[in-house]
Every structure is written in C-alpha cells, then in structure tokens.
Amino acid sequence: MVRAAVEVAKPRTAEELAAALGEAAAAGKAVTAVGGGRAAQMGGTLYRCDLELHTGGLDRVIEHSPADMVVSVEAGITLEALQVHLAKSRQFLPLDPFNSPGHTIGGLLASGWTGPLRMRYGTARDFLIGIRVALPDGRLASAGGRVVKNVSGYDLMKLHLGAMGSLGVIVAASFKVFPEPLHDVTVESHDGWPAVDNVLAAPVAPSAMELFSDGRVIARFFGSPDAVNSTVKTLGWTVTDREAWTQHSHRAADRWARIAVPRTKLREVLNALPQGSRWWASPGVGIAHWWFDDGAAVITARNVAEAAGGSLVLMAAPDEVKEKVGAWGSPPPTLEVMRRLKGAFDPKHILNPGRYVI
Amino acid sequence: MPLTASVIDDLKKVAGRDNVITAPNDLRIFERDGSIEGAVPDAIALPSNTEQVAAVIKIAARHNIPIVPRGAGTGLSGGAVTIRGGIALQMTRMRRILEIDPVGQTALVEPGVVNQELSLAAAPHHLFYAPDPSSQKACTIGGNAAENSGGPHCLYYGVTTNHVLGMEVVLADGSVHWVSGDAADRIGLDLCGVLVGSEGTLCAITKIKVRLLRIPPSIATLLAAFPSIDTASQAVSAVIGRGIVPAALEMMDKVTVGAVEAHYHAGYPTDAGAVLLVEVDGVADSTRELMAAIRDVLSENQGYAMREAQTPAERDLLWAGRKGAIGALGRIKPNYYLHDGVVPRSKLPQVLSAVGEIGVHYKLPVANVFHAGDGNLHPNILFDLRDREVLQQVEEAGEEMLHAVVELGGALSGEHGIGLEKSAYMPWIFSPDDLEVMSRVKSALDPTGLLNPGKIFPDPERKKLPLAGRTGFAVEAKWW
Amino acid sequence: MKPFERLSDDDLATCVHCGLCLDACPTFRVTGLETESPRGRIYLMTQWKREQLPFNEEQVKHIDLCLGCRTCEAVCPSGVPYGRIIEAGRAEVERLRRPNAKRRIAKAALRQLVARPRRLRAFGAVTRVAQATRATSAMRSGRQLPPLHAPFEVPAGRLAPAIGPRKHRVAFLVGCVMPILYPQSHYAAVKLLQLASCDVWFPEGERCCGALHAHNGDLDEAERLRDENMRMYASGEFDALVVDSAGCGSHLKDFYPGLQGRVKDLSEWLAEVGLPEPKREVKMRVTYQDACHLAHAQRIKKQPRDLIRAVPGVELVEMRHPDICCGAAGLYSTLEPQMSARILAEKLDDLAATRAEMVVTANPGCQMQLASGLRQRGSHIAVEHISELLVRAFL
C-alpha cells in the first residue's frame, strides 16, 4: 500500500461525505473509505490513495423500530455499538465476523465478511434491505427501503455488498433484525469430521458450527427450550459457555486466507492443505479460514479450491506475498460484465484503485 | 411494428419453423399476463435451449427489436406484456429439471420449470423448494427469479433471491454467462443478486441453480379469529415481538372470510372481523412449544375460536381457503384489481383503515387477504369489468391505496414487481438520483434498451396511466 | 343466430386471466403455448363472441386441440365453468367452420353407430372377427382397440339381485361402448353392487347417454338422446343411477337435470353404501389414473383411492401427476392423434416411474389409451377398471 502522506477527511454527515468524494473525484484524486480498519488488509495493494474518507463520524442509529424489527444506521457505527442498541429490545443483527471487535457496518458490508452464525441466518445479503451510497459524482443514491420484503426497483444492495467499496462509499444501511433466540446452548466435541457429519445429518441443524484443525468442534443451537434441550441431549456433547463464540470472533492473523467451496467439497479441499496446517471452518456453509505460512502453499491450495468450484482469498498478508500470489485468485469469467458496471459507477477508477478484482 | 419477412425467416431458422408464431390473430392471445393491461407482440419465439435464446436475442439486437422474456404469464404487474411490441421470448418449452443433488441440497433447472413441479420432484429426497407464490401450480422458476417472487412461507424462509445460488443468463448482446454458483463468497460483483428481480430488463434467464431445504418433520397450523383488523394486526406484532418468527402469518378480513367460507367450507369463523392463519414448522418439540406460545400471545390480543389442524387434510383445507381466497372473491364481483405494497408491520392498522376509507369513498368493495407477517398488503378492489364506468374509479382507488402505503414509509411492491403497472409511481419512493443510478445499471448491461422496454422506470411516453383508455388492445376493446 | 350465441358472456367474464390453469392443461404442458391453454381458449372464444376477432378457420385448431378433460376447471380459483364454455364453444365452432371430412365422419359415426345399440353390437361382432384375422392391426384406430370378447349381457329379467339383505335399488347404465369393449368391467361392477346390498336394474330401451356427442359439438343429437333416455328412466323406481364410466357419469350429472342428485359414479356409490369385508388378499403394487371426467368434472378423487386402499395386500403408489389426462378424451385420440400421443408419452413416463404392476382407472377411454400405449412400449403393466381390481378381493 502507498503509505505516503494522504489527505484525511472525517465527514460528520452523509452529505459532507458525498461532497468530499465528489470534489476529490473531480480533482482526479484516488479515494479510499476507512471504517474500523478490521478488514484493511484484504484485497490487492492500492495503486494510489490521495484521500482517506473516514466514516467514523457517521455513527448514528438513524431509526430503530423494534415492532417492525428494522433498523437503519449510518455506516460508521461499529457492530458492537449497534448490537448494544438492539439488545435493549432483545433483538440482534446476526453478523459475527472474525477479527472483531471494531468492524463498522459500512466496512462489514463492503468487505462482505461473515462469521459462524451464517449457517442459520445467511449473510448480510439475506437481511440487508436498504442502502445509501455516495458516488464519485457527488450524488447520494439509495436502493431498497425500510420494509422486510421489497421488489421495488433494482436490488443494488447486492452490488455493493462485498464490492470492497469499488462502486461507491456506503453511508447508511437498513437491516431486517432478528429476535434474540428463546434459548441458546453451546456444545463442544473433539471428534472432528465424524462429529460434524453427525450434526449435519440430525433433524435439527445448529445455528452455528465451527470445526478446528485440531478436531475440536463447537456448535450452537437456537430455538424453543424443549427442542434445543432435547437436541443437545441426544447429541451428547459437552455443554460449554457461549463465551467461546466471543473468543472465536477475535480470531485473525497476520497471514490468513478464506477458502470458500461448495459445502460438500470442503473436506477434501482442507485435506489438501499442507500437513499440520492450522485452520477453522464452517462445514455447514463451505468456508474455512487458514493461517498460511508462505505464498507457494497458497498457490497450491488455491488451485485445489478453484478446481473444486470455489475460491481462496487473502484476508491479510504482507504486500510481497499479495503481489506474488494475488489477493483474489483467478478472475471470474464475468469480469468484463463487472467492468461495465464499474464503469457506470466509477468511470475514472478513483475508488480503491487496485484493491478489488475490477 | 410487424417484423420483416427476413427477420421471421431468421427466427425460424434458429428456433424451428413451428416454434415461431407470427399469425396476428394468434398473437392477440398472448397480449396479456395476469395483470390488467395488454399489448400484442409482433412474434412469439419458443426456444428450446440456451443457444437458441442467445441466437434470437442476437437477431433482435441486430434489428433493434424489443425482447420480452415470458414464462407462464401469471405475473401481476405487466412484466411479460410487450408494451413496445417486439418478440416475446416464451420460455415454457425449457422445462427440464436438469439435476437434483440431494447431498448438496441444490437443483439445477431450466427457466420454464413450474415452481410446484420442482418441489414434487424433490420430495422423494425429503427436500423442497421454499418460495411458494400462490400461483405456484402454474408459475415458472424463471419467472420467479426474474420477479423475485415471494409467497406465504417467505416470512421465515425468505424470497426467491435468498434461494437462487446461480444462473445462466443471456445479456442483451446475446452473450451467455454463468453468474454465481453453489460456493459461498464468490469473487467479484454479485451479478446474480442484481439480476434476480430485474424483471426481464437486464437479461434472459436460461438456467437456475436453486437451494433446496429439508422438509420439516412437523408442521403446526392454527386459525384464529379476532374482533377487528386492528386487534389482529396487534396480535401479529405481538407474536413477532415475542421473538417468534412463524413460517407463515397470513391475515384475511371479514369480506374475504365470508367469500372463502362460502366456497371452501373450511370452518373459518364468519363473525370475525379478521382471521389469522399461523404456521410453524420444525421438529415436533419445537412446533408444539412455539404453537403454545403463539396461542398465549393471540389470546392476550383478543384472539378467539382458535383451531389447530389435526391432520394433514385439515391443514390443506385451511390453506386451500387462503390460497384460493382471491379466486373465491369472484363470488362477490367477477374481477379484482390489487397492488401489493408493503408497510412496516406496526403500520398495518393505519394502512388498513386508510384502505377501508378509500374503498368507501369510491364505493368499491375491498377485500384484504395478505402476508401480515411481512406487512405485505393485497387489498383486492372488487368490480365488474363490463361496467366500463368503474375502471377509472378502480385505478384511482388503487393509486390512492398505494400512496397511503408510501406515506407510511412503505414500498410499492413486495413480490409482484413494478413492471408496467407501477413504473409511474417509482418517483414516489425514489429520488431522481436514485433512479438515475438504477438506470446506469440498465445502460451498462443493455445499452440500447432492447430487453423488456417500458418497465420499472417511469416512462415519459406514458405520463398518466388510467386503466380505461390505455394503449393496449384489451382496453380499447372494452374487454378489460 | 349471431356467432357464438350459445356461449354465455357471463360464463366467459368469470375468467380473471390469472393463469393458474395453465400447467394443469395437458396441451399447454406439451406445447408451452398460451393458445393451447384454457386461459388462451377462453380469451379466444371471448374475442370471437364479442366480435373483436373475426371467427377464422386457422384458430379453430386451438379449440379442436382441447381434450375437454376439465382439469383446468378443478384448479380454477374463480370457478370458471370451463366444461360448459368449451361445450357451447364447440357447438358454435361446428356450426361456423368449413365442412371437415374427418369431423363429419366422426359426427356421422356417433349418430349412426354409437347412438344405436344394435348397430354398435354388430360392429363389435365384425371387429371381433377382424381381430381374429388380424385385419385390424392395419389401422391405427384398430390397433388401439382391446381384444374384444362377447359383449356384456344383461341378466334375465333385467335385474341382478342383491347378495344378502337388499338395502338399495339402483339403475345401472350399460351404455354404448362399455358393454362391447369392456364387458368384464361391467360384470365386476354389477357384482360389487350386488355385494353392496343393491338390486341392480337394467332399464329397457336405454340409449347412449350422448356424452360423446356433446363433447364433440353435436348438442342437438345429445339433447335428442337425453329426452329419449329420460322417458325411459321415468318408467322405474331407483335410489341411484350408477355409472362405471366417468365420461358418461359426468355428462349425466351436468346434462340431465331431471336426474339431479341421483347419478352416482360407481366408486362414489360404493363409498357411500359400503362394501362387505373383503374375502382375500390381492398382493399387488397398483397406481391409480384419475379419469378426467371423474376427478375434474365430478371432483371424485378420494373415494376410488379409499376403495383401492381397502383391498388387503394392495399397495397404492401415486404417480407424480395422476390427475393429468392420458390423452384419450373420447374421440380425441382418433381426431388429434399427434397431440394425443405426446400427452400419452408423458403419462407413460410418469406411470413407469411408479414401478407399479397395474394401473387402475374408471373410464373405458382411459383404459384403451393406456393399454394401447403400454402395449406399444412393450410394457407389462396391466390396465384394469377399478371394478375389476376391487372384485378380486371377493372372488
């Protein structure tokens, strides 16, 4: 990354942010939006950055209607602050990304990071219901709305989600939120894959299940008390503290990668990693995170993941490794179509140049 | 504009002589979908594979002829209506289920596969396809994906976009692409996400990979009566507020219940101001416990005459009343017109009373039957089309109802799509900047505006769109 | 008479164009075309009626291609009376269209042969000889026929007495083609009725009920036959007129208001009055094909299944689409052989997937169509009328 002195702007409102972005773009400056910085290492090395737009000043809950189970927030609010707010109404947003705490909502949407609860709730893709984005021409544009079901107009939420800020700077978002589970039990096993297979075949699926390279498995069951208790009893694992999930969410490393493959292929892809590799996985989803050692191993592992129809993405790595192996891997076959969209949003390529695949 | 003989020849070379229809009298039969307005296409092409779809689109692109993909034509927003003429790309011949993967719990289907057929085919593997529009016996998965369709059980399971893993699509230049797939977190922009629900304006869909879910081992279905729509609405909020998201939570008002009961004899309480149909599924322990909790909440909110289905047949009967409700309204008047605006759930009592007042003002009977859990309204304005005077009134009443939805922070459509019918109202909820940005997506993928022109975006050629006096043949002919 | 005078505008106006009927329509399922769907046909007839489209020969084929199976009617949420619409529409089409040799021969055959029991029996006898000499296999329609045996004989005194206590007196419709094509189905049906404590009366001078005529647009002849039959039915007392052919049953229910309430399909009646305890097990994997005129026109789907399940040893396995037409549809398989064959092919695939040993149905047309299709595929799946399967438990 170019670490030479860059301008920093800390707008207090979406309008200020849009204006700053518009001016910078008009002047041909390259702009990077900065949230909590938790995913700052993800993606390719920036070619250029003239202005950092910090979203920390946009940290309000715009509206939370507990009865509607809908919340609208500014992009700079941290996930933890939002959860504290929602918890007052016994609600929550089912996002539990790694390398926590400190993710901002805008950063999470732009990076597309998820965590173990994805098994039950899906990703932000499934509960992001509205978005507001600042564009390089200084406009603020919204899509979606504040209702839980909506087919009015194009679903632009999907385009910005996980796009690493390459189409615009997310300034606000609306979510469908969820009631806190009636009952929440965490259990643990050390039986590795057989334990995982056992759970996946059972009639009640857990809300989250994580497998570690040492064979440890933790699973979390949400639901009505009788159903959860009887499921857990049948399973026969050790009941453990749910604090395990908080600790788990802090996990990250200097060099780590995300492997995402079709669910049924995950095991064989992980088996192909170098002997003694350390990783953790969501076997119910088909995702694993891997602490890798060197670039050569990444290339081998990526070939295996891509051959299985998936991907291997660097979550953090030294610049020289990124340059050697590439942050994203093989470009998608629809790259040309994606570039057309990029051109429609950011024709001068001033947003995060070099960081994303397009 | 009629197509030239050489274009027709080209189409026939691609799709086969019998698979291109150009006889004007026959084309007339294709002028409408499930909505009000009609317009006659210049040709119908029935491709049987992706290559033919791409080739037809290339021919159309060469001659700048509009292309409108069409499934079963059950849509309720005019999405499949060829309002600018052109070629209707009829996808109903592509109706093969190409693969069901019971381990990965996915299916790969052609766009003409009927929604319910997929669940029937998946049933032997104890799997089902979750989105269940009320038209699921006839509507196609391709149409569902294009419109991002919903259904009663989408409250818990999510709408079509939550179940489409990937698609093969043909863009306006005739190029064929696979977007997304069955691995999580794919690299690059989520094209699939933006193409689902794009109403045929960005691509033609030629294959769809969907997620299948395990059939829940236990299902509990409850019918409860309420003294009024208000109390029923409060009960809806209270259930959800208690931390319970049922699989389905549907409301019917007094008018609807009367019509349904006369037709189905499902045991709906006809003295009630409103009834709720609530369903939970899962393992038996869970459904029993949740249903007990739901009963408590409903009682606290003046629910009475609660009846839980004891057998699958009884459950089917309760649902038959709901799914056939709109048809049963034919007992009151032969025709209905409805929007499907969505409001925040807590605004249900307000919006329903506004809807009622609008009906009274226009002297039109209104029957409400809708997805209460989502706040997704379906106010059916009942009328007889042969009474020509009434059309203007119906249109205006519908528009006012939709306006009330928007005033309360709602959206124009929850599942039917914007299409032709609501495009003029888009500026009610989106700023010019919002719409400008959406139109950039359109221009990026379909620069010449070949695909389904005249939809979603406000159409300068159609400033006001009263039902009577619209451009379509059907209205001129006093038929609709 | 104005064009389409017989077609009721009120009936047509009940269609709200929702399209829920489309995939229930066998011809839409194989063509994917709106013009070959119930909604499209109603739209077309409406435009003809309202003179918004000129009546024209090119579009008559869309009406001809309708099987009249009325599956659409059963799934229609708005209660569109499709059967009534298509019957009236067909009558008008026959009046307005250019003379058509094939249809004229069909009409003449229906009037001169089917409506006249003696001639039909003679034809049956000739056919038996032709089958013995294999002359029939030269003709397509000949190949469809089942091997013929001696026709059904009415018992002496025109009465088959109840076995055990007599609780009911029923009239039995012998009909036109059933006694010649499937006498064994009739014998089984009568036996079942006797077992169910019914005296079975065979009215003298009964004519064809007129169903085939009505379905093929010859309403005049259908009305003539009805009037004659009604005079004959008025001559005796009976609790029910039991019919073991779904097409006739549905026609009698719709077209004979004078009999209202008393016409009963065999399975409907047996379910109502009850059969005695079965005597023996029938070890067999069976699937049931809904006859369109039973399932859709008469809405009888549950009773035959309950009766089949009550036979000890029988395993009833359902097809994915047991209630979609097999393509027989009266004269349809002869008049529209190509479409009929396409629809039959889908049906046979569905049938094969059940791995059943026998397919049971309740209408002679379906029996003939399924059997001929299965024969052509070299399949060993047997075809029986429901009466034949049920009676096995009592032999």
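These numbers were taken from a predicted model, which means no experiment stands behind them. Along each chain, residue indices are assigned from 1 in the same order as the chain's sequence is written. All chains are assigned letters beginning at A, and all ligands numbers beginning at 1, according to the order in which they are written. Local features are withheld for residues below a pLDDT of 70 in this predicted model, meaning they are given only at 70 or higher, and side-chain atom pairs are given and counted only at 80 or more; totals for whole chains, interfaces and linings count all residues. Side-chain descriptors were evaluated using all non-hydrogen atoms of the structure, hydrogens and water having been removed beforehand.

**Focus on the overall build of chain C**
Thinking step 1. What chain C contains, in helices and strands, is 21 helices and nine strands.
Thinking step 2. Taken over C-alpha atoms, the radius of gyration comes to 21 Å for chain C, in line with the 21 Å a tight globule of 395 residues would show.
Thinking step 3. Looking at chain C as a whole, 61% of its 395 residues are labelled buried.
Thinking step 4. Within chain C, counting contacts between residues at least 6 apart in sequence, those at least 24 apart form 75% of the total.
Thinking step 5. The Shrake-Rupley method, run with a 1.4 Å probe sphere, supplies the accessible areas, and residue values consider only the shown protein chains as cover. Element-wise, carbon and sulfur atoms account for 53% of the exposed surface of chain C, whose accessible area totals about 15,700 Å².
Thinking step 6. Only four residue types enter the charge count, namely Lys and Arg as positive and Asp and Glu as negative; His and the chain termini do not. In plain terms, the charge of a residue is placed at NZ if it is Lys, CZ if Arg, CG if Asp and CD if Glu. For chain C, the distance from the average position of its 55 positive side-chain charges to the average position of its 46 negative side-chain charges is 4 Å. Helix and strand definitions here come from DSSP, where helices need a minimum of 4 consecutive H or I residues and strands a minimum of 2 consecutive E residues; each element is numbered from the N-terminal end. Both definitions apply: the radius of gyration is a C-alpha atom measure, and the globule rule equals 2.2 Å times residues to the power 0.38. Per-residue accessibility, obtained with a 1.4 Å probe over protein chains only, is compared with the maximum for each type, and a residue is labelled buried under 20%, exposed over 50%, and partly exposed between these values. For this analysis, residues touch if any pair of their heavy atoms sits within 4.5 Å.

**Thoughts on the domain arrangement of chain C**
Residues and elements named next belong to chain C.
Thinking step 1. Start and end positions for the domains come from either an automated domain assignment or a database one. Here chain C is partitioned into domain 1 (9-96) and domain 2 (284-391).
Thinking step 2. Taking only C-alpha atoms into account, the centre of domain 1 sits 25 Å from that of domain 2.
Thinking step 3. With 17 residues of domain 1 in contact, the opposing surface of domain 2 contributes 17 residues.
Thinking step 4. Where domain 1 abuts domain 2, roughly 1,500 Å² becomes buried across the two surfaces, and 64% of that area is made up of carbon and sulfur atoms.
Thinking step 5. Note on terms: buried area is the combined drop in 1.4 Å-probe accessible area of two parts once they are placed together, counting the loss on both. Per-residue buried area on domain 1 facing domain 2 is highest for Arg29, Val30 and Leu67; these three make up 37% of the total on that side.
Thinking step 6. Any carboxyl oxygen of Asp or Glu that lies within 4 Å of a side-chain nitrogen of Lys or Arg is treated as forming a salt bridge with it. Here domain 1 and domain 2 share one salt bridge between them.
Thinking step 7. Residue Arg29 is joined to Glu346 by a salt bridge in which the shortest nitrogen-to-oxygen separation is 3.9 Å.
Thinking step 8. Pairs of N or O atoms are called polar contacts if they sit within 3.5 Å, as long as, within protein, a hydrogen donor faces a hydrogen acceptor (for residues adjacent in sequence, only side-chain-to-side-chain pairs). In this structure, the connection of domain 1 to domain 2 is made through six residue pairs in polar contact (both at pLDDT 80 or more).

**Notes on unusual backbone geometry**
Thinking step 1. Cis peptide bonds are those with omega within 30 degrees of zero, and the linkage from Ser100 of chain A to Pro101 of chain A qualifies with -5°.
Thinking step 2. Structurally, the position occupied by Pro101 of chain A is in the loop between β6 (91-92) and α3 (105-111).
Thinking step 3. In this structure, His17 of chain C takes a positive phi of about 65° despite not being glycine.
Thinking step 4. Positionally, His17 of chain C belongs in the loop between α1 (9-13) and α2 (26-31).
Thinking step 5. With phi around 50°, Ala329 of chain C is a residue other than glycine that occupies positive phi space.
Thinking step 6. Along the chain, Ala329 of chain C falls in the loop between β7 (314-316) and α18 (332-335).

**A short note on the interface of chain C and chain B**
Thinking step 1. Listed by partner, the interface residues are 36 residues for chain C and 39 residues for chain B.
Thinking step 2. With both chains or domains summed, chain C and chain B bury close to 3,300 Å², and 53% of this area falls on carbon and sulfur atoms.
Thinking step 3. Contact with chain B buries surface across chain C, with Val16, Tyr43 and Arg320 of chain C losing the most and accounting together for 18% of the total.
Thinking step 4. Remark: the boundary between chain C and chain B carries three salt bridges.
Thinking step 5. Arg95 of chain B serves as the salt-bridge partner of Asp23 of chain C, at 3.0 Å between the closest nitrogen and oxygen.
Thinking step 6. Summed over the shared surface of chain C and chain B, the result is 17 residue pairs in polar contact (both at pLDDT 80 or more).
Thinking step 7. Mapped by element, the contributors of at least two residues to the side of chain C that touches chain B are α1, α2, α3 (38-49) and α4 (57-64) of chain C.
Thinking step 8. If you tally residues by element for the side of chain C that touches chain B, the top one is α3 of chain C, at six residues.
Thinking step 9. Considering only residue class, the side of chain C that touches chain B consists of 13 nonpolar, 14 polar and nine charged. Any residue that is not Ala, Val, Leu, Ile, Met, Phe, Trp, Tyr, Cys, Pro, Asp, Glu, Lys or Arg is counted as polar, Gly included; the first ten are nonpolar and the last four charged.

**As for the sheet that holds strand β12 (residues 218-226) of chain B**
Residues and elements named next belong to chain B.
Thinking step 1. At least two DSSP bridges between two strands are needed for those strands to be called paired. Taking strand neighbours across the sheet as the criterion, the seven strands line up as β15-β12-β14-β13-β17-β18-β16 in an open arrangement whose pairing is antiparallel. At either margin of the open sheet sits one strand with a lone partner, and together these are β15 (304-308) and β16 (335-338). Neighbour-to-neighbour, the strand axes of the sheet open up by a mean angle of 20°, direction not taken into account.
Thinking step 2. Under this scheme, a helix contributes an axis fitted over its contacting stretch, all axes are lines through C-alpha atoms, and angles between N-to-C directions fall in the 0 to 180 degree range. Along the sheet, helix α13 (residues 348-361) contacts β17 (366-370) and β18 (379-383); its crossing angle with β17, the most-contacted strand, is approximately 155°.

**Thoughts on the arrangement of the chains**
Thinking step 1. Inter-chain contacts occur across two pairs of chains; the most extensive set of contacts lies between chains A and B.
Thinking step 2. In this view chain A stays clear of chain C, with the nearest C-alpha atoms of the two still 20 Å from each other.

**A short note on the state of the cysteines**
Residue and element names in this part refer to chain C.
Thinking step 1. What counts as a disulfide here is a pair of cysteine sulfur atoms lying within 2.5 Å. Applying the stated criterion across every chain, the model contains zero disulfides over all chains.
Thinking step 2. With no disulfide of its own, Cys209 has Cys248 as its nearest cysteine by sulfur position, at a separation of 3.9 Å.
Thinking step 3. Classification of Cys209 by relative accessible area gives buried; the value is 3%.

**A closer look at the interface of chain B and chain A**
It is common to report an interface's size as the accessible area lost on association of the parts.
Thinking step 1. Taken together, the contacts link 77 residues of chain B with 68 residues of chain A.
Thinking step 2. Regarding the contact of chain B and chain A, the summed buried area is about 5,900 Å², with carbon and sulfur atoms giving 58% of it.
Thinking step 3. A per-residue breakdown of the area chain B buries against chain A is headed by Asp185, Ile187 and Leu189 of chain B, which together make up 14% of the total.
Thinking step 4. Across the pair Asp137 of chain A and Arg440 of chain B runs a salt bridge whose closest N-O atoms are separated by 2.5 Å.
Thinking step 5. The interface formed by chain B and chain A holds 29 residue pairs in polar contact (both at pLDDT 80 or more) in total.
Thinking step 6. Partitioned by chemical class, the residues of the side of chain B that touches chain A number 34 nonpolar, 23 polar and 20 charged.

**Focus on the sheet that holds strand β6 (residues 284-288) of chain C**
All names here are of chain C.
Thinking step 1. Taken together, four strands build an open sheet; the order of strands is β7-β6-β8-β9 and the sheet is parallel. The open sheet has two edge strands with one neighbour each: β7 and β9 (382-385). Taking the axes of each pair of neighbouring strands and ignoring which way they run, one obtains an average angle of 35° across the sheet.
Thinking step 2. Of the pairings in the sheet, the one linking β6 to β7 comprises three bridges and is parallel in character. Residue pairing across strands places Val286 opposite Leu316, the latter belonging to β7.

**Remarks on the nonpolar core**
Thinking step 1. Only buried residues count toward a nonpolar core. Its members are Ala, Val, Leu, Ile, Met, Phe, Trp, Tyr and Cys residues joined through side-chain atoms within 4.5 Å. In terms of nonpolar packing, the biggest core is built from 140 residues, with Leu93 and Phe175 of chain A together with Met167, Leu276 and Leu298 of chain B touching the most fellow members.
Thinking step 2. Each residue touching Met167 of chain B, except ones within four places of it in the same chain, is listed here: Ala145, His177, Trp178, Val179, Cys192, Leu195, Val196, Ile205, Lys207 and Ile208 of chain B.

**Points about the environment of Asp199 of chain C**
Residue and element names in this part refer to chain C.
Thinking step 1. Along the chain, the position of Asp199 falls in strand β3 (residues 198-201).
Thinking step 2. Distance from Asp199 to Arg169, taken between C-alpha atoms, is 4.7 Å for residues 30 residues apart in sequence.
Thinking step 3. Beyond its immediate chain neighbours, meaning those up to four positions away, Asp199 contacts Leu159, Ala160, Pro161, Ala162, Arg166, His168, Arg169 and Val170.
Thinking step 4. In this structure the side chain of Asp199 is engaged in a polar contact, spanning 2.8 Å, whose partner is the backbone nitrogen of Ala162.

**Brief notes about the environment of Gln289 of chain C**
All names here are of chain C.
Thinking step 1. Along the chain, Gln289 falls in the loop between β6 and α16 (292-295).
Thinking step 2. Spatially, the C-alpha atom of Gln289 lies 6.1 Å from that of Val360, the residues being 71 residues apart in sequence.
Thinking step 3. Non-local contacts of Gln289, meaning those with residues more than four positions away in its chain, are made with Met319, Pro322, Ile324, Cys325, Cys326, Lys347, Val359, Val360, Thr361 and Leu370.
Thinking step 4. Here Lys347 takes part through its side chain, which lies 2.8 Å from a polar atom of the side chain of Gln289.

**Topic: the packing of aromatic side chains**
Here the distance between the centres and the angle between the planes together describe a pair of aromatic rings.
Thinking step 1. Any two of the Phe, Tyr and Trp rings considered here, Trp counted by its six-membered ring, make a pair once their centres fall within 6.5 Å; the pair's planes then place it as stacked at under 30 degrees, edge-to-face at over 60, or tilted in between. One pass over the structure, following the stated rule, counts 23 aromatic pairs over all chains.
Thinking step 2. Here the aromatic rings of Phe92 of chain A and Tyr121 of chain A are separated by 5.6 Å at their centres, their planes lie at 90°, and the arrangement is edge-to-face. Taken together, the residues span a long stretch of sequence, with Phe92 of chain A in strand β6 and Tyr121 of chain A in helix α4 (residues 118-121) at a distance of 29 residues. Just as Phe92 of chain A is buried, Tyr121 of chain A falls in that class too.
Thinking step 3. Grouping aromatic residues by their ring pairs yields a cluster made of Phe92, Tyr121, Phe127, Phe175, Phe178 and Phe222 of chain A.
Thinking step 4. Above the ring of Trp280 of chain A, the side-chain terminus of Arg251 of chain A is found at 6.0 Å from the ring centroid.
Thinking step 5. The rule is short: NZ of Lys or CZ of Arg within 6 Å of the ring centre and within 35 degrees of the ring normal puts a charge over the ring. Above the ring of Phe238 of chain C, the side-chain terminus of Arg262 of chain C is found at 4.1 Å from the ring centroid.

**Details of the pattern of salt bridges**
Thinking step 1. Taken as a whole, this structure holds 75 salt bridges over all chains when the rule is applied.
Thinking step 2. For Arg267 of chain A, the salt bridge is made with Asp197 of chain A, and the minimal N-O distance between the two is 3.4 Å. You can see Arg267 of chain A sitting in helix α10 (residues 266-271) and its partner Asp197 of chain A sitting in helix α7 (residues 192-201), a full 70 residues away along the chain.
Thinking step 3. Residue Asp197 of chain A is classed as partly exposed on the basis of its relative accessible area of 37%.
Thinking step 4. Overlapping salt bridges bring together Asp137 and Arg139 of chain A together with Asp433, Glu436 and Arg440 of chain B as one network.

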